[in-house]
Amino acid sequence: MLDRIGCGYLILNRERKVVEWNAAAQTTLERQGEAAATAGELSVALRRLIANVPANFVPGSLSWVVIRSAGDRPVILNETGAIAPDGTSIVALLDRESRSGPNPHTLQKMFGLTGAETNLALRLAQGDAPLEIARSWRLSRTTIRSQLASLFAKTETKRQAELVALLGRISVLP
């Protein structure tokens, strides 16, 4: 589930070396321009990322921090305050640019959406505006508004922001 929402984790041993990770953490560090295929490379990539933090990276002391790095792509970093008796700790990474959308088949099954409504929902979940979608699909605003009204009815939402929030929660589902 963490991978689906773009939340990465790194488990560090007592020596602050990466011993376990998920695909989202690997992808987040690779997007920073780092090689991140092995535990050693991930450890180096994390150290470089942490070098951008304005405070020392002391186990258990770092809370959520926004880090600007390669290409000014923001990454949010958190090391949990709890450290296991064996000295391991968890670092959570969240790439704010990572956008996982809802599964189209799940959307259609949950709400009985048509193909057009599903495609509209996916574009809205990506942050596209209805007018922008109408232009790119070469459809009238009236057509998009009609599909949007149908989406509201089928998902029992009233506003676009409410619909997008719902789509974000659904994006963790397979």
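A brief structural summary. This is a predicted model, so every value here is computed, not measured.

### Structural notes on helix α3 (residues 104–111)
Three or four residues apart is the spacing at which side chains of an α-helix point the same way, because the helix has 3.6 residues per turn. By the burial criterion, the buried members of α3 are T106, L107 and F111. Projected onto a plane normal to the axis of α3, the buried residues spread over an arc of 100 degrees and lie on a single side. Exposed residues pointing more than 90 degrees away from the buried face of α3 are listed as H105 and K109. Considering only its buried residues, α3 is in contact with α4 (115–125), α6 (141–155) and α7 (160–170). Taking the backbone nitrogen of H105 as reference, a side-chain oxygen 2.8 Å away marks N103 as the first, capping residue of α3.

### Concerning unusual backbone geometry
We note that R16 has phi near 70 degrees; this positive angle belongs to a residue other than glycine. Along the chain, R16 falls in the loop between β1 (7–12) and β2 (18–21). Residues other than glycine seldom take positive phi values, yet R138 does so here, at roughly 55 degrees. With respect to the helices and strands, the residue R138 is situated in the loop between α5 (130–137) and α6. You can call R138 exposed: its relative accessible area is 78%.

### Overview of the packing of α4 against α7
Interaxial distance between α4 and α7 falls to 9 Å at its minimum, and their mutual angle equals 90 degrees. Accordingly, the angle class assigned to the pair α4 and α7 is roughly perpendicular. Touching A121, L124 and A125 of α4 are Q160, L163, V164 and L167, all from α7. Each residue belonging to the contact of α4 with α7 can be placed in one class, and the counts come to 6 nonpolar, 1 polar and no charged.

### Concerning the pairing of strand β5 (residues 89–95)
Counted residue by residue, β5 has 5 buried out of 7 residues, so it is predominantly covered. In terms of strand pairing, β1 meets β5 through 6 bridges, oriented antiparallel. In the sheet register, Y9 faces β5, and the bridge partner there is A92.

### Regarding the nonpolar core
As a rule of thumb, soluble globular proteins bury nonpolar side chains together. Counting 17 residues, the largest nonpolar core has L107, F111, L120, L124, L148, L151 and L163 as its most contacted members. Breaking this core down by element, the ones donating at least two residues are α3, α4, α5, α6 and α7. Residues contacting L124, with those up to four places away along its chain left out, are P130, I133, L148, L151, Q160, L163 and V164. One finds L12, L42, L46 and L93 within the second-largest nonpolar core, a separate group that totals 13 residues.

### What about the environment of R31?
Looking at the element boundaries, R31 is found in helix α1 (residues 23–31). You can call R31 partly exposed: its relative accessible area is 37%. Between the C-alpha atoms of R31 and D95, which are 64 residues apart in sequence, the distance is 8.9 Å.

What counts, and where the lines are drawn
Residues numbered from 1 in each chain as written. Predicted model: local features only at pLDDT ≥ 70, side-chain atom pairs only at ≥ 80, totals over all residues. Heavy atoms only, no water. Buried < 20%, exposed > 50% of the residue type's maximum accessible area, 1.4 Å probe, protein only. Helix = DSSP H or I, 4+ residues; strand = E, 2+ residues; numbered from the N terminus. Arc of directions from axis to C-beta. Contact = heavy atoms within 4.5 Å. Polar contact = N/O pair within 3.5 Å; in protein donor to acceptor, adjacent residues only side chain to side chain. Axes fitted to C-alpha atoms, helices over the stretch in contact; angles between N-to-C directions. Parallel < 35°, antiparallel > 145°, perpendicular 65-115°, else oblique. Nonpolar A, V, L, I, M, F, W, Y, C, P; charged D, E, K, R; others polar. Pairing = 2+ DSSP bridges. Core = buried A, V, L, I, M, F, W, Y, C linked by side-chain atoms within 4.5 Å.

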